[in-house]
Amino acid sequence: MSIKAKLFIANILMFLAALIPGSVLVKSYVEVPQSLKVTRNIYSLVHELTLLNNAMVDIRLRDVKRAKNQWIAISNQIETYIDELEDTGVEARYYETLNETNDLIRRLFLGMDTADVTTLTAEQRKFLISQVNLKTHDMIMVGHILLSVMQEDLQVFNNRALQYVLSFFFLVLVIMILEYFFLNRYFVNPIIELEACVTDIGKGNFDREVPFAEKDELGSLGMAINKMRNDLKVLTTSKEEFLSTAAHELKTPITVLKTTSQLMEGMDEKEVVNFLPYALKTINRQCNQLNKLVVDVLEVSRLELEQTELRKTDFEMSKLVEDVTFDMDKVSERHKIVVLENKAVTVFADRTRIEEVLVNLLDNSIKYSPGGGEVEVKSSVKDDSLQVSVKDQGIGIPKERQDKIFERFYRAHEGTSYEQVTSMGVGLFLSKQFINKHGGEIGFNSVEGKGTTFYFTLPLSRKEGL
Amino acid sequence: MKDKRILIVEDNSDLSMLTKLALTKVGYTVVCASNGEEALKYIETSGMPDLILLDMKMPVMDGWEFSRIYKSRFPKSAAPIIVMTAAQDSEARATEIGAEAFIGKPFELQELFASVNKMVS
């Protein structure tokens, strides 16, 4: 069952939960007419009057005393009912008529003390009975009229109650519909969108972007997923590019080695002897290059598993700088590496790694100043730490690319005409990892078109100056 | 064969030097350019060679851009191109840019000679 269906069911349940008790409550707020309260009394009144009528029969039986007491009792009861009726605000003419009639009948009965009923003639007796009959009939009439009025009131009451309840029903219905749409838009649909996006990402499709951008938790979930998708996309693309670049980079030195050896196969002794020095230098150079590339690739995967361990020793930094600059100077004829400052100082670090860092920086300087020129190296002590800088007058790093330069696989000149400068994009990433692991910092200043200065710091050995 | 001129467009100086050496030994005249821009300049100043060996990945102007400009600027006099590259998908791309042949790196010298001889004659 989809969440939309579930939402719908939940809504129906809420609707019923609101409606049923609500209706009862609403109905109770409808004003009950006063007159309905005395319906019972009216029924009783009529009943008593009927009794009275029947009691008239006793006069014929000449048991006046007993009849009289009965009549008086009934009459008193009728008076109570009439008083209650008066209290309820029923129209005056009704209870006044009843009052009058009741008084008349009572006087009739009370008057019988003084008179002797047995002395009454038959005609006189008949007259008495008919008078009482008439009056009680009047009262019964009034009672019936009152009852029908009450029926009408009851009808009106029921109608109004129905109206209230129906209004309530529609109000709740409208609220429920609004609430359904609200929940749908702000909860259900976003969740469905998120599900679609994440499913896509799981399948390796990074193109679907979460569309909404509310400022609530679902919105930030959406943004987090977008960011994750983007990172994955970049990483996947970078990795693919890295692999393709790595394959290409590795094949180039191999091609040189192969061509060198094949050339020599086709040479006679004399040619071989002449060619040998160049061949050997080339082979050496290419093997170094291959090794560097292989190491880079391994480092990148090793760092992924965080297995790199530093083997720190005390060594002379100035000697390292000398050796590296000497070797790197030979790499390019158009470039000259100049050491402006080289302080004799001992550092406690992994010499191999630091060498790799320095080689990487110098390599970059050469690669990214294609016109040739000088690369200045300085190694000095500043604020209790060693600082090494490498400065070139090359093409520089574009400002918008600068903040990502230490990222794995990132090549700042991707998409520019310098894109094809052979580089796998891992050198700076690795360099940063190494320097940071030593507790040092690495950074740069660069102006596009003017040049770049890279620098790194290392803590000094405990043996130095303490 | 001495009158046949080959232009090598390759940024790796070791490789272009070695290839030049190999081709010179079998009697060709060989000139090297280190990127597409240099190659175009050479053609403009010294005329169209008989064959161009083109690497794809070079700085400043790569193989793709070079061949595009080359084909539009010299539609009639264009010399044949043999693409030399290490990337895998370049075979398809080579036909895309209208190269006449394709040599993958690393290559056998015999392979190179066979292809060159075929294109030049």
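The structure displayed is predicted, hence computed values, not measured ones.

**Considering the overall build of chain A**
Next, step 1: Summing up its helical and strand segments, chain A has 12 helices and 7 strands in all.
Next, step 2: Taken over 466 residues, chain A has a buried fraction of 41%.
Next, step 3: Of the roughly 27,100 Å² of accessible surface on chain A, 56% is carried by carbon and sulfur atoms.

**Considering the sheet that holds strand 6 (residues 442-447) of chain A**
All names here are of chain A.
Next, step 1: Taken in spatial order, the 5 strands of this open sheet run 2-4-5-7-6, and their pairing is mixed. Each of the sheet's edge strands pairs with one partner strand only, and the pair in question is strand 2 (335-342) and strand 6. This sheet shows a mean twist of 15° between the axes of neighbouring strands, independent of strand direction.
Next, step 2: In this sheet, strand 4 (residues 373-382) lies alongside strand 2 in parallel orientation, the contact comprising 7 bridges.

**With respect to the sheet that holds strand 4 (residues 81-85) of chain B**
Residue and element names in this part refer to chain B.
Next, step 1: The 5 strands lie next to each other as 2-1-3-4-5, forming an open sheet whose pairing is parallel. Edge positions in the sheet fall to strand 2 (29-33) and strand 5 (101-104), since each of these pairs with one other strand and no more. Averaged over all adjacent pairs, the angle separating strand axes in this sheet is 20°, with direction ignored.
Next, step 2: Note that strand 1 (residues 5-9) and strand 3 (residues 51-55) share 4 bridges and pair parallel. Bridge pairing links Ile6 to Leu51 in strand 3.
Next, step 3: Of the strands in this sheet, strand 3 and strand 4 are in contact with helix 3 (residues 63-73), which crosses strand 3 at around 150°.

**Focus on the pattern of salt bridges**
Next, step 1: All told, the structure shown has 15 salt bridges over all chains when counted by the stated rule.
Next, step 2: Residues Lys227 of chain A and Asp231 of chain A are paired through a salt bridge, measuring 3.0 Å at the closest nitrogen-oxygen approach. Residue Lys227 of chain A and its partner Asp231 of chain A are located together in helix 8 (residues 217-265), separated by 4 residues, close to a single helical turn.
Next, step 3: Here Lys105 of chain B and Asp55 of chain B are joined by a salt bridge, their closest N and O atoms 3.2 Å apart.

**Let's talk about helix 5 (residues 109-120) of chain B**
Next, step 1: With 12 residues, helix 5 of chain B should cover 16 Å at 1.5 Å per step; its first-to-last C-alpha distance of 16 Å lies within 8% of that length.
Next, step 2: For helix 5 of chain B, every residue scored as buried is listed here: Leu109, Leu112, Phe113, Ser115, Val116, Met119 and Val120 of chain B.
Next, step 3: Where the residues of helix 5 of chain B are buried, they touch helix 8 of chain A together with strand 1, helix 1 (13-25), strand 3, strand 4 and strand 5 of chain B.

**Focus on the side chain of Ser385 of chain A**
Next, step 1: Relative to the helices and strands, Ser385 of chain A resides in strand 5 (residues 385-392).
Next, step 2: Those residues in contact with Ser385 of chain A, other than ones at most four positions away along the chain, are Ser380, Thr457, Leu458, Pro459 and Leu460 of chain A.

**Re the pairing of strand 7 (residues 451-459) of chain A**
Residues and elements named next belong to chain A.
Next, step 1: Most of strand 7 is tucked away: 7 of the 9 residues are buried.
Next, step 2: Note: strand 5 against strand 7, 8 bridges, orientation antiparallel. Across the sheet, Val390 pairs through a bridge with Phe454, a residue of strand 7.
Next, step 3: With 6 bridges joining them, strand 6 and strand 7 adopt antiparallel strand pairing. Following the sheet pairing, Val447 is matched in strand 7 by Gly451.
Next, step 4: Hairpin connection, strand 6 to strand 7: the antiparallel pair is bridged by 3 residues, and Gly449 has positive phi, about 90°.

**Notes on the packing of helix 8 of chain A against helix 1 of chain B**
Next, step 1: Axis separation between helix 8 of chain A and helix 1 of chain B bottoms out at 9 Å; the angle between their running directions is 25°. It follows from the interaxial angle that helix 8 of chain A and helix 1 of chain B lie roughly parallel. Here the hand of the crossing between helix 8 of chain A and helix 1 of chain B comes out left-handed. Counted together, Thr255, Val256, Thr259, Thr260 and Leu263 of chain A of helix 8 of chain A and Asp14, Leu15, Leu18, Leu21, Ala22 and Lys25 of chain B of helix 1 of chain B form the full contact between these two elements.
Next, step 2: Class assignment of the residues belonging to the contact of helix 8 of chain A with helix 1 of chain B gives a composition of 6 nonpolar, 3 polar and 2 charged.

**A few points about the packing of helix 1 of chain B against helix 5 of chain B**
The description of two packed helices rests on the angle between their axes and on the distance between the axes.
Residue and element names in this part refer to chain B.
Next, step 1: One can describe the packing of helix 1 onto helix 5 by two numbers: an axis separation of 11 Å at closest approach and a directional angle of 65°. Remark: the crossing between helix 1 and helix 5 carries right-handed chirality. Every residue of helix 5 that contacts helix 1 at Thr19, Ala22 and Leu23 is listed here: Leu109, Leu112, Phe113 and Val116.

**Side note on the packing of aromatic side chains**
Working definition: an aromatic ring pair is given by the centre-to-centre distance plus the angle between the planes.
Residue and element names in this part refer to chain A.
Next, step 1: Counted by the stated rule, this structure contains 11 aromatic pairs over all chains.
Next, step 2: Taking 5.9 Å as the distance between ring centres and 85° as the angle between the ring planes, the aromatic pair formed by Phe8 and Tyr180 counts as edge-to-face. A residue pair is termed long-range when its members are at least 10 positions apart, and Phe8 in helix 1 (residues 3-29) and Tyr180 in helix 7 (residues 122-203) qualify at 172 residues.
Next, step 3: A residue is classified by how much of its surface remains accessible, and Phe8, at 46% relative accessible area, is partly exposed.
Next, step 4: Among the aromatic residues, ring-to-ring pairing joins Phe8, Tyr180 and Phe181 into one connected group.
Next, step 5: It is Lys432 that lies over the ring of Phe406; its NZ or CZ is 6.0 Å from the centre.

**Brief notes about the interface of chain B and chain A**
Next, step 1: Opposite the 23 residues of chain B that make contact, chain A presents 25 residues.
Next, step 2: Both faces combined, the contact of chain B with chain A buries some 2,200 Å², and carbon together with sulfur accounts for 61% of it.
Next, step 3: Together, Asp14, Leu18 and Lys57 of chain B form the three largest contributors to the area buried by chain B at its contact with chain A, with a combined 27%.
Next, step 4: The interface formed by chain B and chain A contains 3 salt bridges.
Next, step 5: Close ionic contact of Glu108 of chain B with Lys258 of chain A constitutes a salt bridge, the shortest N to O distance being 2.8 Å.
Next, step 6: Linking chain B with chain A are 7 residue pairs in polar contact (both at pLDDT 80 or more).
Next, step 7: Classifying every residue of the side of chain B that touches chain A gives 13 nonpolar, 3 polar and 7 charged.

Analysis parameters
- Residues numbered from 1 in each chain as written.
- Chains lettered and ligands numbered in written order.
- Predicted model: local features only at pLDDT ≥ 70, side-chain atom pairs only at ≥ 80, totals over all residues.
- Heavy atoms only, no water.
- Helix = DSSP H or I, 4+ residues; strand = E, 2+ residues; numbered from the N terminus.
- Buried < 20%, exposed > 50% of the residue type's maximum accessible area, 1.4 Å probe, protein only.
- Areas by Shrake-Rupley, 256 points an atom, 1.4 Å probe, with all protein chains shown as cover.
- Pairing = 2+ DSSP bridges.
- Axes fitted to C-alpha atoms, helices over the stretch in contact; angles between N-to-C directions.
- Contact = heavy atoms within 4.5 Å.
- Salt bridge = Lys/Arg side-chain N within 4 Å of Asp/Glu carboxyl O.
- Expected span 1.5 Å × (residues − 1).
- Parallel < 35°, antiparallel > 145°, perpendicular 65-115°, else oblique.
- Left-handed = near helix turned anticlockwise from the far one by under 90°.
- Nonpolar A, V, L, I, M, F, W, Y, C, P; charged D, E, K, R; others polar.
- Phe/Tyr/Trp six-rings, centres within 6.5 Å; stacked < 30°, edge-to-face > 60°.
- Lys NZ or Arg CZ within 6 Å of the ring centre and 35° of its normal.
- Buried area = accessible area lost by both parts, 1.4 Å probe.
- Polar contact = N/O pair within 3.5 Å; in protein donor to acceptor, adjacent residues only side chain to side chain.

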